[in-house]
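Structural overview
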Amino acid sequence: MITYQIVFEGTVISSATFDKADFTPEVLTCVDQSGTIDRVISATDSDYQSVKQAAIDNHVLHKIPNGSFLLPGFTDLHIHAPQWPQAGLALDKPLNEWLTDYTFPLEAKFQDLNYAESIYHSLVNELLANGTTTGLYFGSIHTDANLVLAKVCAQLGQRAFIGKIAMDNPDQTPDYYRDSSAAEAIDQTENFIQQLQAFQEKTQAELTPVITPRFVPSCTDETLLGLGELAQKYNLPIQSHCSESIWEDQYAVKRFHKRDAQVLDQFGLLTDKAVMAHGTQLTDQDLTLFSQTQTAIAHCPISNIYFGNGIMRVNAAHQQNVKIGLGTDISGGFSPSIYRNMQQAIMSSQMLQDSGQKQSRITAANAFYLATIGGAEALHLNSGQIKPGFKADFQIVHDQYFDVSSNNSQEIFERLVYHKSKENIEQVYVSGKLVHNQLGENNGK
């Protein structure tokens with residue numbers, strides 16, 4: 001019999017399909033020494049008791065408390081790491097003022113590595129406490145500060161995809177905070193890639209560099225072209241913004257006489273490893289292009305309320321087989337919680353439905369899928385599901401209304417989606433390793 005790293009006993013909730021979440025009581029979820037789920041054993045299976053007893057004997061059985069549940073960890077597909085100090089600030093300002101007066105001056109401060117380390121410790125701890133086991137990060141323009149972010153993620157145990165922002169267009173970026181030329185943007189991006197890959201090999205932490213043009217307006221043609229070539233050379237993920245707002249959408253048309261998505265595709269930046277944030281203005285033709293290139297969308301529903309000038313059409317994208325996950329967009333989105341973004345995604349879809357766009361409404365099951373399977377698939381991760389062969393990325397969450405409400409499985413699931421906050425997240429695991437704990441020194445065993 002295999003000696004497991006940890007065995008969880010209790011009820012599992014995990015997405016089965018876009019429209020359905022499975023609720024499975026009385027199972028053993030067995031995690032092997034590599035941090036992968038080896039088996040999920042039902043109480044009716046013949047070896048349930050023997051596997052449970054072996055886990056007890058080896059002191060690796062973790063009994064999930066009554067009223068608590070084992071869920072997959074979340075993937076956050078869009079985080080501006082250096083913007084964490086301004087989360088929730090100045091969201092009443094127009095986007096250009098928000099960027100010019102607040103965001104760019106803040107990001108420029110990250111050349112101070114001590115400041116960067118302090119902020120990144122706070123951010124990553126907060127994300128883990130909210131159940132986010134994988135983060136896709138925009139860093140700053142500073143290579144060294146982005147490496148600090150990588151080291152913090154490794155230290156705290158979060159899986160991270162990190163990009164050095166490239167932004168060199170003098171017409172759209174301030175002189176105190178931009179790459180001095182396309183050559184510098186490309187050289188520093190390649191330097192960051194090589195240094196992060198070396199750090200990853202040395203530490204075996206789950207870290208991946210990401211090609212990161214801030215967005216089309218902030219980059220010259222030479223930088224966009226060079227970044228597309230780097231993505232191909234190193235076979236790396238790409239992240240940027242696409243059709244986030246009416247202004248961004250129209251900027252691409254005026255400068256290139258093409259849609260934003262077409263411009264990104266022209267420079268080799270729409271690939272099956274690309275994740276484009278927001279997409280509130282994407283047309284049916286844009287979605288077809290996303291489907292053809294297998295580009296994913298990071299749906300950021302809270303941020304879109306403030307800066308998106310619209311609502312991203314989740315069902316329309318899903319029907320075109322476009323990969324979709326959720327992003328907090330710290331700090332255009334004020335909350336580090338994917339739960340809050342699931343809730344807003346559902347509410348925003350109702351607004352879209354009420355505006356006359358039929359079949360736009362999404363359910364709690366749809367939003368949960370985006371937060372788990374959708375985000376993981378966008379990054380080509382075997383994560384987001386509780387089934388054999390997948391990474392043991394978990395959150396143990398408590399239903400604070402368990403004792404006073406109906407315990408119908410569908411109702412429990414919907415309560416979890418609508419009522420969870422970090423105070424109800426008891427433990428978080430990444431690849432089987434405990435990275436956040438509210439249950440005390442005994443870890444709930």
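Below: a short report on this structure. (Residues numbered from 1 in each chain as written. Predicted model: local features only at pLDDT ≥ 70, side-chain atom pairs only at ≥ 80, totals over all residues. Heavy atoms only, no water.)

**Focus on helix α5 (residues 182–203)**
The end-to-end C-alpha distance of α5, which contains 22 residues, comes to 32 Å, matching closely the 32 Å that a straight helix rising 1.5 Å per residue would cover. Along α5, the positions that sit buried rather than exposed are A182, A185, I186, T189, E190, F192, I193, L196 and F199. Looking at the buried positions of α5, the neighbouring elements they touch are α4 (143–156), β8 (159–166), β9 (207–213) and α6 (221–234). Downstream of α5 by one or two residues, Q204 has phi in the positive range, about 60°. (Helix = DSSP H or I, 4+ residues; strand = E, 2+ residues; numbered from the N terminus. Expected span 1.5 Å × (residues − 1). Buried < 20%, exposed > 50% of the residue type's maximum accessible area, 1.4 Å probe, protein only. Contact = heavy atoms within 4.5 Å.)

**Section: a nonpolar patch on the surface**
A cluster of nonpolar side chains, namely I305, Y306 and M351, defines an oily patch on the protein surface of about 280 Å² accessible area. With respect to the helices and strands, the residue Y306 is situated in helix α10 (residues 301–307). (Patch = residues over 30% accessible without salt bridge, like charges linked within 9 Å, V, L, I, M, F, W, Y side chains within 5 Å. Areas by Shrake-Rupley, 256 points an atom, 1.4 Å probe, with all protein chains shown as cover. Salt bridge = Lys/Arg side-chain N within 4 Å of Asp/Glu carboxyl O.)

**A short note on the pairing of strand β10 (residues 238–242)**
Most of β10 sits inside the fold, with five of its five residues counted as buried. Alternating positions in β10 separate into two faces, I238, S240 and C242 on one and Q239 and H241 on the other, with burial throughout. In this structure, β10 lies alongside strand β11 (residues 274–278), joined through five bridges in parallel fashion. Bridging from a neighbouring strand, C242 pairs with H278 of β11. (Pairing = 2+ DSSP bridges.)

**With respect to unusual backbone geometry**
Peptide bonds are mostly trans, and most non-glycine residues show a negative phi. In the segment running from I330 into S331, the intervening peptide bond is cis, with an omega of 10°. With respect to the secondary-structure elements, S331 resides in the loop between β13 (324–326) and α12 (338–354). You will see that Q204, though not glycine, has its phi angle at about 60°, which is positive. Tracing the backbone through its elements, the reader meets Q204 in the loop between α5 and β9. Here Q204 falls in the exposed class, since its relative accessible area comes to 59%. Within the chain, H257 stands out as a residue other than glycine whose phi angle is a positive 60°. You can see H257 is positioned in the loop between α7 (246–256) and α8 (260–266). The class for H257 is exposed, based on a relative accessible area of 69%.

**With respect to the pairing of strand β15 (residues 425–430)**
By the criterion of burial, β15 is predominantly enclosed, with six of the six residues buried. The pairing of strand β14 (residues 394–398) with β15 spans four bridges and is antiparallel. Among the inter-strand pairings, F394 is bridged to a residue of β15, identified as Y429. With four bridges joining them, β15 and strand β16 (residues 433–437) adopt antiparallel strand pairing. Residue pairing across strands places V428 opposite H436, the latter belonging to β16. Taken together, β15 and the strand that follows it, β16, pair antiparallel across an intervening segment of two residues, in which S431 is found at a positive phi of about 50°.

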